[in-house]
Amino acid sequence: QVQLVESGGGLVQAGGSLDLSCVATGIVFTIGDMGWYRQTPENQRELVATINSGGDTNYAKSVKGRFTISRDNDKKRVYLQMKTLKPEDTAVYYCNIDRATTHRGPVYDVWGQGTQVTVSS
């Protein structure tokens, strides 16, 4: 069974920075795309950034130039560096992998439990 465990959320002032990390636990051989999504009580879950196994990245327009996604395939980790944070970045941030190969076969669309990011004005 693959589980995603996020860490690094918290409270920060506007203009500040915060780093998120997510690790895939379990017996995992390969991971496809990894990504970060976020959700507020008022809105649907939205894409923040994704990165494929080759390192190609994709960002939401609202975070491009401020956030950086990266991954370490050996450590089965994905990171999100967030800079110049704004109050509208406040949300629960979720880690996601679209597919992975495990000792029990493939798994798809795995989500972490979420970590709260709060940006005060």
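Our structure's up above, just so we're on the same page.
Structure report, in brief. As the structure is a prediction and not an experimental result, all values here were calculated from the model.

## What about the state of the cysteines?
Applying the stated rule across the entire model yields one disulfide. For Cys22, the disulfide goes to Cys95, at an S-S distance of 2.1 Å. Sign of the S-S torsion, about -85 degrees for the bond between Cys22 and Cys95, identifies this disulfide as left-handed. Here Cys22 is found in strand E3 (residues 18-25), whereas its partner Cys95 is found in strand E10 (residues 91-102), with 73 residues between them in sequence. Pair check on accessibility: Cys22 and Cys95 agree, each one buried.

## Quick word on the sheet that holds strand E1 (residues 3-7)
Strand pairing in a sheet takes place through backbone hydrogen bonds and is either antiparallel or parallel in direction. An order of E1-E3-E9-E8 is seen for the four strands of this open sheet, with the pairing classed as antiparallel. With partners counted over all chains shown, the strands left at the sheet margins are E1 and strand E8 (67-72), one partner each. Geometrically, the sheet is characterised by an average inter-axis angle of 15 degrees between neighbouring strands, direction not taken into account. Two strands pair when backbone bridges link them, and E8 and strand E9 (residues 77-82) are joined in this way by six bridges, in the antiparallel orientation.

## Here we look at the nonpolar core
Among the nonpolar cores identified, the biggest contains 31 residues, and Trp36, Leu80, Met82 and Tyr93 are the most heavily contacted of them. Sorting the residues of this core by element identifies E3, strand E4 (28-31), strand E5 (34-39), strand E6 (46-51), E8, E9, E10 and strand E12 (115-120) as the ones contributing at least two each. At five residues, the largest contribution of residues to this core is made by E10.

## So, the environment of Thr102
Structurally, Thr102 is set in strand E10. Of the residues examined, Thr102 reaches a relative accessible area of 6% and is grouped as buried. Separated by 101 residues in the primary sequence, Thr102 and Gln1 place their C-alpha atoms 7.7 Å from one another. Setting aside anything within four residues of it in sequence, one finds Thr102 in contact with Val2, Ile27, Val28, Phe29 and Val107. At a separation of 2.7 Å, a polar atom in the side chain of Thr102 contacts the main-chain carbonyl oxygen of Gly105.

## Some thoughts on the packing of aromatic side chains
Under the definition given, this model contains one aromatic pair. Measuring from ring centre to ring centre gives 5.0 Å for Tyr37 and Trp111, while their planes differ by 65 degrees; the resulting arrangement is edge-to-face. Here Trp111 lies in strand E11 (residues 105-111) and Tyr37 lies in strand E5, a separation of 74 residues in the sequence. In this structure Tyr37 comes out as buried when scored by relative accessible area, which is 17%. Across from the ring centre of Tyr94, 3.8 Å away, lies the NZ or CZ of Arg45, which sits over that ring. Above the plane of the ring of Trp111 lies Arg45, whose end atom (NZ or CZ) is 4.6 Å from the centre.

Rules and cut-offs
Numbers given to residues run from 1 along each chain, matching the order in which its sequence is written. Given that this is a predicted model, residues contribute local features only at a pLDDT of at least 70 and side-chain atom pairs are listed and counted only at 80 or more, while totals for whole chains, interfaces and linings are drawn from all residues. Note that the side-chain values use all heavy atoms of the structure and ignore hydrogens as well as water. Disulfide assignment relies on a single distance test, namely cysteine sulfur atoms paired within 2.5 Å. Here a helix means four or more residues in a row that DSSP labels H or I, a strand means two or more in a row labelled E, and each is numbered from the N terminus. Think of it in three bands: with a 1.4 Å probe and only protein chains considered, a residue is buried below 20% of the maximum accessible area for its type, exposed above 50%, and partly exposed in between. Strands qualify as paired when DSSP identifies two bridges or more between them. Structural elements are reduced to axes, namely lines fitted to C-alpha atoms, with helices fitted over the stretch in contact, and the angle between N-to-C directions of any two is expressed from 0 to 180 degrees. Within this scheme, the nonpolar core is defined by two criteria: the residues are buried Ala, Val, Leu, Ile, Met, Phe, Trp, Tyr or Cys, and they are joined through side-chain atoms within 4.5 Å. Residue contacts are counted whenever heavy atoms from the two residues lie within 4.5 Å of one another. Counting of polar contacts relies on pairs of N or O atoms within 3.5 Å, with two restrictions inside protein: one atom must be capable of donating a hydrogen and the other of accepting it, and residues adjacent in sequence are counted only when both atoms are side-chain atoms. Working definition: rings of Phe, Tyr and Trp (its six-membered ring) pair if their centres are within 6.5 Å, and the pair is stacked with planes under 30 degrees apart, edge-to-face with planes over 60 apart, and tilted otherwise. Put simply, a charge is over a ring when the Lys NZ or the Arg CZ is close to the ring centre, within 6 Å, and near the line of the ring normal, within 35 degrees.

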